[in-house]
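Given next are the chains, with one letter for each unit.
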Number of protein chains: 2
Amino acid sequence: MSDSPLAIGIDFGGTTVKIAVVYQSHIIDQAPPIATQDFEGHEALIDAMVRVVEDLRARHHGIASVGVGMPGFVNFEKGLVYGLTNVPDWEAVPLKRILESKIDLPVSVDNDANCMAFAEWRCGAGRGYQNVVFASLGTGVGGAIIANGQMIRGMRHGAGEIGQSSIDYQGRVGHYGNRGSLEDYVGNSEITARAREAYTAAGIQKNLDECVPAALANAAHHGDTIAIAQWQETARMLATAMMNCCWLLNPEAIVIGGGVARAGELLFHPFKEHLFAQLSGPFKDGLMILPAAFGHEAGTIGAAALAREHASHRQVG
Amino acid sequence: MSDSPLAIGIDFGGTTVKIAVVYQSHIIDQAPPIATQDFEGHEALIDAMVRVVEDLRARHHGIASVGVGMPGFVNFEKGLVYGLTNVPDWEAVPLKRILESKIDLPVSVDNDANCMAFAEWRCGAGRGYQNVVFASLGTGVGGAIIANGQMIRGMRHGAGEIGQSSIDYQGRVGHYGNRGSLEDYVGNSEITARAREAYTAAGIQKNLDECVPAALANAAHHGDTIAIAQWQETARMLATAMMNCCWLLNPEAIVIGGGVARAGELLFHPFKEHLFAQLSGPFKDGLMILPAAFGHEAGTIGAAALAREHASHRQVG
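An unreviewed UniProt entry lists chain A under the name ROK family protein, with Luteolibacter yonseiensis as the source organism.

Draft legend 1. Quick peek at the overall build of chain A. Along the backbone of chain A there are ten helices and 13 strands. Relative to the globule expectation of 20 Å for 317 residues, the C-alpha radius of gyration of chain A, 20 Å, shows essentially globular dimensions. Projected onto its principal axes, the C-alpha positions of chain A cover 60 × 45 × 35 Å. Taken over 317 residues, chain A has a buried fraction of 59%. Of the contacts made within chain A by residues no fewer than 6 positions apart, 60% connect residues no fewer than 24 positions apart. On chain A, roughly 12,700 Å² of surface is accessible, and the fraction owed to carbon and sulfur atoms is 50%.

Draft legend 2. Up close: the pairing of strand β1 (residues 6-12) of chain B. All names here are of chain B. When you tally the buried positions in β1, you get seven out of seven residues, the bulk of the element. Residues L6, I8, I10 and F12 point to one face of β1 and A7, G9 and D11 to the other, with burial holding for every one of them. When β1 meets strand β2 (residues 16-23), the two strands line up antiparallel, connected through seven bridges. Within β2, the residue paired with L6 across the bridge is Y23. Note that β1 and strand β5 (residues 66-70) share four bridges and pair parallel. Residue pairing in the sheet places D11 in a bridge with G69 of β5.

Draft legend 3. View of the interface of chain B and chain A. Taken together, the contact between chain B and chain A spans 52 residues of the former and 52 residues of the latter. Looking at the side of chain B facing chain A, the largest losses of area belong to B:M155, B:Y169 and B:L248, adding up to 20% of the total buried there. Seen at the junction of chain B and chain A, the total is zero salt bridges. There are 20 residue pairs in polar contact (both at pLDDT 80 or more) connecting chain B and chain A.

Draft legend 4. Summary view of helix α6 (residues 213-221) of chain A. Residues and elements named next belong to chain A. The complete set of buried residues in α6 reads P213, L216, A217, A219 and A220. Down the axis of α6, the buried set is contained in an arc of 165°. They therefore lie on one face. Seen from the buried face of α6, the exposed residues on the opposite side, beyond 90 degrees, are A214 and H221. Those residues of α6 that are buried lie in contact with α5 (188-201), α7 (225-249) and α8 (265-276).

Draft legend 5. Here's a closer look at the packing of aromatic side chains. For the coordinates displayed, the defined rule picks out twelve aromatic pairs over all chains. Measuring from ring centre to ring centre gives 5.7 Å for A:Y185 and B:Y169, while their planes differ by 70°; the resulting arrangement is edge-to-face. Placement of A:Y185 in helix α4 (residues 183-186) and of B:Y169 in the loop between β11 (150-151) and α4 (183-186) is noted, with the two residues assigned to different chains. Summarising the burial analysis for this pair, A:Y185 and B:Y169 share the class buried. When the ring of B:F12 is compared with that of B:W90, the centres are 5.0 Å apart and the planes differ by 70°; the resulting orientation is edge-to-face. Pair noted here: B:F12 is in strand β1 and B:W90 is in the loop between β7 (80-84) and α2 (95-103), with a separation of 78 residues, a long-range link.

Basis of the calculations
Residues numbered from 1 in each chain as written. Chains lettered and ligands numbered in written order. Predicted model: local features only at pLDDT ≥ 70, side-chain atom pairs only at ≥ 80, totals over all residues. Heavy atoms only, no water. Helix = DSSP H or I, 4+ residues; strand = E, 2+ residues; numbered from the N terminus. Rg over C-alpha atoms; globule rule 2.2 N^0.38 Å. Buried < 20%, exposed > 50% of the residue type's maximum accessible area, 1.4 Å probe, protein only. Contact = heavy atoms within 4.5 Å. Areas by Shrake-Rupley, 256 points an atom, 1.4 Å probe, with all protein chains shown as cover. Pairing = 2+ DSSP bridges. Buried area = accessible area lost by both parts, 1.4 Å probe. Salt bridge = Lys/Arg side-chain N within 4 Å of Asp/Glu carboxyl O. Polar contact = N/O pair within 3.5 Å; in protein donor to acceptor, adjacent residues only side chain to side chain. Arc of directions from axis to C-beta. Phe/Tyr/Trp six-rings, centres within 6.5 Å; stacked < 30°, edge-to-face > 60°.

Spelled out as structure tokens, the structure:
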């Protein structure tokens, strides 16, 4: 009976593929990462992934499922990868079918943001809530939605793209023709560019390196008023997109992760102020604003959790 | 066995309370409306509603449930009315409990927008879809969300407030402190005010009556370029809020009802253009944009449908 708490989680990134054995929410064995760009074509890379999985299975007894988080557009039910943002030769790859034929274990494949959200919802900051909005702030802005105790996927498994939602109907035209998309306001590069402009306007010359979110957080902690104001502005923009999620979904919890969220209270404090000032009682009373519990390991843990849950669902059904 | 297709639907409005016997999606007997403001306090009004219900039950055999749509904030599970927007003495009224004690039938109580959406989803334009976004455009802008084949209610039954979601993070501060709320751009009075301004700017003096949505639609049909431009601008604003719903929820269908939607293609044509221009393939391919199937009767039909479904659920459980 495969009620095993052990699963393999695979976090497939544009730079590396990380593969680990996960026990509940703990990574207990992390294999050396595979360099994504070392492989030409998806077949060779899948074979490399299978070798690492087999190696981990030889070392750990009772691994019952494998989960993969992919940085692109995925049909979760079929385990089909439609395409990846930064990796060539991954169009319409039936990853679940290929992996299951080589590994002989149930395999789940999902979008990486969904995996991170799943980790937070099942084992992390969002644990126990029925309605959760998750956002991951980094170079891109990803997200996922849990409502009525289920992950919402929508017609073609695209749901949760908070980064593409608009905060200004007259804003700049973004990647998909969408005006004023959140990602174009609070993505890493936009925060950096806006900060450098603000310094320049104040007569202070800074390199871009000195304006990246981590540097801005550091400067703000040391009392730099321009840096502090940048976090307040970022928080205000983020609050609008999240307020929209609240009016639409009335969640119990908002969980925010990703590199930009490491600014901590510099971001969270003004974010909460702007958010709560724009919601009525039933939407803000009891609403929890939570930093993500997991960092870089969220994708791996979530992929494993998803695989575990999906494999056991299949047995029941 | 109460698999009866007959239910009573009650559409409680600020002006009138409409009560009807509903067979599937057809109103088969509509009682004379009750004037809401003729009654001081909720108790006398509830008694008047009960008399009409008993009268209808005396005329129709097999009525198995009663549904009520309320213009305000409702706890659906408890059937508790927290408060109504335009009717005094309706704070924390346990309407379901009171009605069930007087009528001896299962009673469901929900928000009116949810009832309208339920009518469209179960019997109308959104029938058969698992993921639907519903908006009702009128004096206010209401909405509801169906995802994974369920109505999404959220933590405190507030979900679906599309009218309060923002299309401009720097916009005017609205009723709940929320900046740039859709309702403040495409509500009846805003459309009217904006149109009058546009006429004035063109040196044409118009009364407010000549600028209401119905008049604007009429003028546009007669080739009035200012009126046509007003519909295009309204469509653009609506498209932003709906685009956000699409990125977040990836629905199969958007259903739009309410008085403003009666402008038809004047609104729908530019709305679709703006919406589809701002979505990627998996979000727009197959997405249906549908005018609501029901008009003024949507609330009554939806309340009855909700009651029917909820009563039969209860029997199963």
